[in-house]
Amino acid sequence: MIGLSLKGMDKLQKAIDSKNKALITGVDNEMKATVMEINKVQVSRCPKGPTGKAHQSLFVRKDAVLTYRLVSDGMGSEYTPYLEFGTGGLVDIPKGLESEAAKFKGRGIRKVNMKARPFFFAPFFEEKNNLIKRIQKLLDI
C-alpha cells in the first residue's frame, strides 16, 4: 500500500479561515459604509412635506453579516412609494422597478396627480457600481 500524508494542513486551514474572516469583515464594512451613505442621500433628497415624517421613516437595517436593508418604515412611510413613483397620470416608474411600484398601485377611487419625486432607489443605483469596485479590490479580482 502506498500512502501520502501532508503535515501542517491544520495550520493551512486556520490561515485560510483567518483570511476568509478578514475578507468577510472587509466586505461587510464596505457594505455598511455604502448603505449608510445611501441612506444619508435618501434623507437629504426626500421631499419634506407638511408633517416632515416621510424622511424620518428612512433608515438602515442590518439583518446579518453582509445583509443590509434600506427601509422606509414607521410614521410617514405610507407616503414613500407615492413620493417615489408619483400618482395618477404622473406616475413615473424607472426600468427595473415595475414589480416594486406595482405593490402600491391605487384602486382608482380618487384621482390625485402628483409627479414623481424619486429619492429612494436612485442613490442605490448611483452607488452600486462603486461598491462593487471596492469589493473587487478587497478580493483582488
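Here the structure is shown first, and the text comes after it.
Residues numbered from 1 in each chain as written. Predicted model: local features only at pLDDT ≥ 70, side-chain atom pairs only at ≥ 80, totals over all residues. Heavy atoms only, no water.

(A) Here's a closer look at the overall build of the protein chain. When its secondary structure is counted, the protein chain shows 4 helices and 2 strands. Element order for the protein chain, N to C, with α for helix and β for strand: α-β-β-α-α-α. When each of the 141 residues of the protein chain is scored for burial, the buried share is 27%. Sequence separation of 24 or more characterises 61% of the internal contacts of the protein chain that already satisfy a separation of 6 or more. Surface accessibility of the protein chain: about 10,300 Å² in total, with carbon and sulfur atoms responsible for 58%. (Helix = DSSP H or I, 4+ residues; strand = E, 2+ residues; numbered from the N terminus. Buried < 20%, exposed > 50% of the residue type's maximum accessible area, 1.4 Å probe, protein only. Contact = heavy atoms within 4.5 Å. Areas by Shrake-Rupley, 256 points an atom, 1.4 Å probe, with all protein chains shown as cover.)

(B) Up close: the pattern of salt bridges. Across all of its chains, the model carries 7 salt bridges by this definition. The partner of Arg45 in a salt bridge is Glu126, with the nearest N and O atoms 2.9 Å apart. Of this pair, Arg45 sits in helix α1 (residues 9-45) while Glu126 sits in helix α4 (residues 122-139), placing them 81 residues apart in sequence. Notably, a salt bridge pairs Asp73 with Arg61, separated by 3.5 Å at the nearest N-O pair. Of the two residues, Asp73 is situated in the loop between β2 (67-72) and α2 (80-85) and Arg61 in strand β1 (residues 58-64); the sequence distance between them amounts to 12 residues. A relative accessible area of 27% places Arg61 in the partly exposed class. (Salt bridge = Lys/Arg side-chain N within 4 Å of Asp/Glu carboxyl O.)

(C) Summary view of the nonpolar core. Counting residues in hydrophobic clusters, the biggest one holds 18 residues, and the most contacted among them are Met31, Phe119 and Phe120. Those elements that provide at least two residues to this core are α1, β2, α2 and α4. Element by element, the count of residues in this core is highest for α1, at 4 residues. Residue contacts for Phe120: discarding those within four places in its chain leaves Gln42, Leu58, Leu70, Val71, Ser72, Thr80 and Glu84. (Core = buried A, V, L, I, M, F, W, Y, C linked by side-chain atoms within 4.5 Å.)

(D) Molecular detail of the pairing of β1. Inspection of the sheet shows β1 paired to β2 by 6 bridges, in the antiparallel sense. In the strand pairing of β2, Val60 is matched with Leu70. Between β1 and β2, which pair antiparallel in sequence order, lie 2 residues; one of them, Leu66, sits at a positive phi of approximately 65°. (Pairing = 2+ DSSP bridges.)

(E) Region of the structure containing unusual backbone geometry. We note that Leu66 has phi near 65°; this positive angle belongs to a residue other than glycine. Tracing the backbone through its elements, the reader meets Leu66 in the loop between β1 and β2. On the basis of relative accessible area, Leu66 is assigned to the partly exposed category, the value being 35%.

(F) View of the packing of aromatic side chains. Taken as a whole, this structure holds 3 aromatic pairs when the rule is applied. Ring geometry for Phe120 against Phe121: centres 5.1 Å apart, planes inclined by 75°, an arrangement best described as edge-to-face. The burial state of Phe120 is the same as that of Phe121; both residues are buried. In textbook terms, an aromatic cluster arises when at least three aromatic residues are bridged by ring pairs, as seen for Phe85, Phe120 and Phe121. (Phe/Tyr/Trp six-rings, centres within 6.5 Å; stacked < 30°, edge-to-face > 60°.)

(G) Representation of the environment of Ile135. Among the secondary structure elements, Ile135 is positioned in helix α4. Sequence separation between Ile135 and Asp28 is 107 residues, and the spatial gap between their C-alpha atoms is 9.4 Å.

(H) Quick look at the environment of Ile38. Note that Ile38 resides in helix α1. Note on Ile38: relative accessible area 2%, which makes it buried. Ile38 sits 22 residues away from Val60 along the chain, and the two C-alpha atoms are 9.2 Å apart. With residues near it in sequence (within four places) discarded, Ile38 still touches Leu70, Pro123, Phe124 and Glu127.

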